[in-house]
Amino acid sequence: MTPSTTETAITAAVHQAMQKTLPQYYTVELADEIAADTIAELEELHPGTTHSGEPTASIRAEAEQILAQCCQRRPDRDPATGNLLSGVEDTDETFRDRLLCVERHGHDSDHRDAMRRTWPRQGVTA
C-alpha cells in the first residue's frame, strides 16, 4: 500500500528530527518504527477519518445509508427534535417513539422505525 502524503511527511519529520537531535540513536529502522507508532496513535485519536481528514469508506457508506432513509417521525412528534408536540415529558415507555422512520426515501408503505414498529403515512392520496 502506498503511504499517504501525511504518512510520508510524518516519517520524513521523524527521520530529520532524530538525525538532528539524537544522531547517536538514529537508524532508519528506528525512525520508521517511531513514525509508524505516531501514525497509529493519530488514527486512534481520530477514528473514522483518513489521513487527509476525509471520512473513511465505511463511515461514508453508513452516512449514505442514513441519508437515504425517510426520517419522518410519528405524527404527535416534533419533526426536528422528536419531542412530544403536547409538551408532555417522555417516559421510559414513550421515549422510543422519538425514533425516525428507517424506510428508504419515497417509500409508499407505512412508516417503520428501527424497532419495526409502524405508523401510517399522512397526506397520501390514492
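Residues numbered from 1 in each chain as written. Predicted model: local features only at pLDDT ≥ 70, side-chain atom pairs only at ≥ 80, totals over all residues. Heavy atoms only, no water.

1. A look at the packing of helix α1 (residues 5-21) against helix α2 (residues 28-45)
Link 1 in the chain: Running from amino to carboxyl end, α1 crosses α2 at an angle of 135°, the nearest separation of the two axes being 9 Å. With respect to each other, α1 and α2 are oriented oblique. Considering the relative orientation of α1 and α2, their crossing is right-handed. Residue-level contacts link Glu7, Ile10, Thr11, Val14, His15 and Met18 of α1 to Val28, Leu30, Ala31, Asp32, Ile34, Ala35, Thr38, Ile39 and Leu42 of α2.
Link 2 in the chain: Looking at the contact of α1 with α2 residue by residue, the classes come out as 10 nonpolar, 3 polar and 2 charged. (Axes fitted to C-alpha atoms, helices over the stretch in contact; angles between N-to-C directions. Helix = DSSP H or I, 4+ residues; strand = E, 2+ residues; numbered from the N terminus. Parallel < 35°, antiparallel > 145°, perpendicular 65-115°, else oblique. Left-handed = near helix turned anticlockwise from the far one by under 90°. Contact = heavy atoms within 4.5 Å. Nonpolar A, V, L, I, M, F, W, Y, C, P; charged D, E, K, R; others polar.)

2. Some details on α2
Link 1 in the chain: Over its 18 residues, α2 extends 26 Å from the first C-alpha to the last, a length consistent with the 26 Å expected when each residue adds 1.5 Å.
Link 2 in the chain: Those residues of α2 lying buried are Ala31, Ala35 and Ile39. Take α2 and look down its axis: the buried residues cluster within an arc of 70°, on one side only. The outward face of α2, more than 90 degrees from its buried face, is lined by the exposed residues Glu29, Glu41 and Glu44.
Link 3 in the chain: Residues of α2 that are buried sit in contact with α1. (Expected span 1.5 Å × (residues − 1). Buried < 20%, exposed > 50% of the residue type's maximum accessible area, 1.4 Å probe, protein only. Arc of directions from axis to C-beta.)

3. Brief notes about α1
Link 1 in the chain: If you check α1, its first and last C-alpha atoms are 24 Å apart, about what 17 residues at 1.5 Å a residue would give, namely 24 Å.
Link 2 in the chain: What α1 keeps buried is the set Glu7, Ile10, Val14, His15 and Met18. For α1, the angular spread of the buried residues around the axis is 135°, confining them to a single face. Summarising the geometry of α1, the exposed residues directed more than 90 degrees from the buried face are Thr5 and Lys20.
Link 3 in the chain: In the core, the buried residues of α1 are packed alongside α2.

4. Regarding the side chain of histidine 111
Link 1 in the chain: Tracing the sequence through the fold places histidine 111 in strand β1 (residues 111-112).
Link 2 in the chain: A distance of 3.4 Å separates the side chain of histidine 111 from the side chain of histidine 107, its partner in a polar contact.
Link 3 in the chain: Setting aside residues no more than four positions away along its own chain, histidine 111 makes contact with Cys70, Gln72, Cys101, Arg117, Thr118, Trp119, Pro120 and Arg121. (Polar contact = N/O pair within 3.5 Å; in protein donor to acceptor, adjacent residues only side chain to side chain.)

5. Points about the pattern of salt bridges
Link 1 in the chain: Applying the stated criterion to the full structure yields 7 salt bridges.
Link 2 in the chain: A salt bridge links arginine 112 to glutamate 103, with the nearest nitrogen and oxygen atoms 2.9 Å apart.
Link 3 in the chain: Among the ionic pairs, aspartate 113 bridges to arginine 117, the shortest N-O distance being 2.7 Å.
Link 4 in the chain: Each of Arg74, Asp97, Asp113 and Arg117 takes part in one network of salt bridges that share partners. (Salt bridge = Lys/Arg side-chain N within 4 Å of Asp/Glu carboxyl O.)

6. As for unusual backbone geometry
Link 1 in the chain: Its identity is not glycine, yet cysteine 71 carries a phi of approximately 65°, on the positive side.
Link 2 in the chain: Take cysteine 71: it is sitting in the loop between α3 (57-67) and β1.
Link 3 in the chain: Phi is positive for arginine 116, which is not a glycine, with a value near 65°.
Link 4 in the chain: For arginine 116, the position within the fold is in the loop between β1 and β2 (118-119).
Link 5 in the chain: According to the relative accessible area criterion, arginine 116 is exposed, its value standing at 62%.

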